[in-house]
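Geometric and topological summary
Take a look at the letters that make up each chain.
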Amino acid sequence: MADTPEHIPYDPVAERLAQLVAERRVDGRYPPALDDELIAHHDRVVHRSPDAALASIADARYAVANMDPRPFSVPSVPPTSSKPGGAYLHKAVTPTVTRHLQEVVEQMNEFATTLHRHLTAITDALAALGVPRADLTSQLDAMEEHLARITRSVAAIPDSDSDG
Amino acid sequence: MAESNGAVIMWRAPFEPAARTERIVQAYHVLVSFLRDDVRLVAVGADLDKAYRARLQEEVNELNLTASRFASEGEELPTATITLTPSDIPEGVGPTALAEALHALLADRENR
């Protein structure tokens, strides 16, 4: 019962506001569907493809384009040591260790190259999808608002059938 | 249409969807477009949702509300004619009715 119309508390302020709005609509000060249009406009803005996301895609694309696809290398360690005989040990061990490291580095670089190629393809595809969508959304927004203006104009034309 | 200079509506709420700042933006649009054009809107609050704030700014730009401003806590703010928070706005009141309420409230404060 609490939700039935007769139990809604009487609010003279709300009633007065509604009356004022109705009067101004009749006077022609307010366009007929002003409230609905404002709410629809907000909904369109909220659901629009976010510019921030497009900017993030552009950033990611730039970062991927500037990545070194073969970033790994065997570090060069100077064959010196403060320990007695350390330099000799370095010289003896370095070629063997370097050879093994070189193989690991080569595998990592192959993986990085493949990953770079895929990341490039993904970011290119995202950019290609995002830009036309943003353009299309603004075009649809513009068309929707244009249509709303036409609808308002048509609604404002007096009905000739009822006159004659 | 102008009634006085320098009226300021101060909206105090965090920038997050739950605050529904768009309601005051829409009402402000109606107020300055159809009732009086000498009012500024200042929305001030914590940036809890930057994407929401960006969307609101986009909406404000598209409605061409040049006398509105989003501010952060701690910024220098103008003296408010009226200050509102989300709990001041009843549910079920549309932008035009809310604009009428703001219009009446501003006139009341200015005539005191």
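Keep in mind it's a predicted model, so treat the numbers as computed, not measured.

Scanning chain A from terminus to terminus reveals five helices and zero strands. When the helices and strands of chain A are placed in sequence order, the string is α-α-α-α-α. Split into buried and exposed, the 164 residues of chain A put 18% on the buried side. Look at the contacts in chain A between residues 6 or more apart in sequence, and 75% of them connect residues 24 or more apart. On chain A, roughly 12,300 Å² of surface is accessible, and the fraction owed to carbon and sulfur atoms is 63%.

Another aspect to go through is the pattern of salt bridges. Residue and element names in this part refer to chain B. Taken as a whole and assessed by the stated rule, the structure comprises 13 salt bridges over all chains. Here Glu73 ties to Arg12 by a salt bridge, and the two come within 3.6 Å at their closest N and O atoms. Here Glu73, found in the loop between strand S3 (68-71) and strand S4 (82-84), pairs with Arg12, found in strand S1 (residues 7-12); they are 61 residues apart in sequence, far enough to count as distant. Relative accessible area serves as the criterion here: at 52%, Glu73 is assigned to the exposed category. Shared partners join several salt bridges into a network, and the residues in it are Arg20, Glu22, Arg23 and Glu91.

Bringing the interface of chain A and chain B into the picture now. Facing 21 residues of chain A, the contacting portion of chain B comprises 18 residues. Inspection of the chain A/chain B interface yields one salt bridge. The closest approach of N and O atoms between Glu100 of chain B and Arg24 of chain A, which form a salt bridge, is 2.3 Å. The tally of links from chain A across to chain B stands at eight residue pairs in polar contact (both at pLDDT 80 or more). For the side of chain A that touches chain B, the secondary-structure elements that each account for two or more residues are helix H1 (12-27) and helix H2 (34-46) of chain A. Across the side of chain A that touches chain B, the residue classes break down as 11 nonpolar, four polar and six charged.

A few words now on the side chain of Arg24 of chain A. Along the chain, Arg24 of chain A falls in helix H1. Under the relative-accessibility criterion, Arg24 of chain A is labelled buried at 17%. Setting aside anything within four residues of it in sequence, one finds Arg24 of chain A in contact with Arg29 and Tyr30 of chain A together with Leu35, Glu100 and His103 of chain B.

Glancing now at the sheet that holds S1 of chain B. Residues and elements named next belong to chain B. Pairing within the open sheet is parallel, and its four strands lie in the order S3-S2-S1-S4. The open sheet is flanked by S3 and S4, the only strands paired with a single partner. Averaged over neighbouring strand pairs, the angle between their axes works out to 20° when direction is ignored. Alignment of strand S2 (residues 39-44) against S3, held across four bridges, turns out to be parallel. Bridge pairing in S3 links Val42 to Arg69. Packed on one face of the sheet, helix H1 (residues 21-35) meets S1, S2, S3 and S4 and runs near 170° to S2.

The subject of this paragraph is helix H3 (residues 95-110) of chain B. Taking 1.5 Å of rise per residue, the 16 residues of H3 of chain B would be expected to cover 22 Å, and the 22 Å separating its terminal C-alpha atoms lies within 8% of that figure. For H3 of chain B, the full list of buried residues reads Pro95, Thr96, Ala97, Leu98, Ala99, Glu100, Leu102, His103 and Leu106 of chain B.

What follows concerns the packing of aromatic side chains. Tallied over the full model, the rule gives two aromatic pairs over all chains. Here Tyr30 of chain A and Phe34 of chain B contribute two aromatic rings whose centre-to-centre distance is 5.6 Å and whose plane-to-plane angle is 85°, an arrangement assigned as edge-to-face. With Tyr30 of chain A in the loop between H1 and H2 and Phe34 of chain B in helix H1, this residue pair bridges two chains. Looking at Phe34 of chain B, the relative accessible area reads 18%, which means it is buried. Here Phe15 of chain B and Phe70 of chain B contribute two aromatic rings whose centre-to-centre distance is 5.3 Å and whose plane-to-plane angle is 50°, an arrangement assigned as tilted. With Phe15 of chain B in the loop between S1 and H1 and Phe70 of chain B in strand S3, this residue pair connects regions lying 55 residues apart in the sequence. One residue, Arg53 of chain B, lies across the ring of Phe15 of chain B, its end atom 4.6 Å from the ring centre.

Conventions we followed
- Residues numbered from 1 in each chain as written.
- Chains lettered and ligands numbered in written order.
- Predicted model: local features only at pLDDT ≥ 70, side-chain atom pairs only at ≥ 80, totals over all residues.
- Heavy atoms only, no water.
- Helix = DSSP H or I, 4+ residues; strand = E, 2+ residues; numbered from the N terminus.
- Buried < 20%, exposed > 50% of the residue type's maximum accessible area, 1.4 Å probe, protein only.
- Contact = heavy atoms within 4.5 Å.
- Areas by Shrake-Rupley, 256 points an atom, 1.4 Å probe, with all protein chains shown as cover.
- Salt bridge = Lys/Arg side-chain N within 4 Å of Asp/Glu carboxyl O.
- Polar contact = N/O pair within 3.5 Å; in protein donor to acceptor, adjacent residues only side chain to side chain.
- Nonpolar A, V, L, I, M, F, W, Y, C, P; charged D, E, K, R; others polar.
- Pairing = 2+ DSSP bridges.
- Axes fitted to C-alpha atoms, helices over the stretch in contact; angles between N-to-C directions.
- Expected span 1.5 Å × (residues − 1).
- Phe/Tyr/Trp six-rings, centres within 6.5 Å; stacked < 30°, edge-to-face > 60°.
- Lys NZ or Arg CZ within 6 Å of the ring centre and 35° of its normal.

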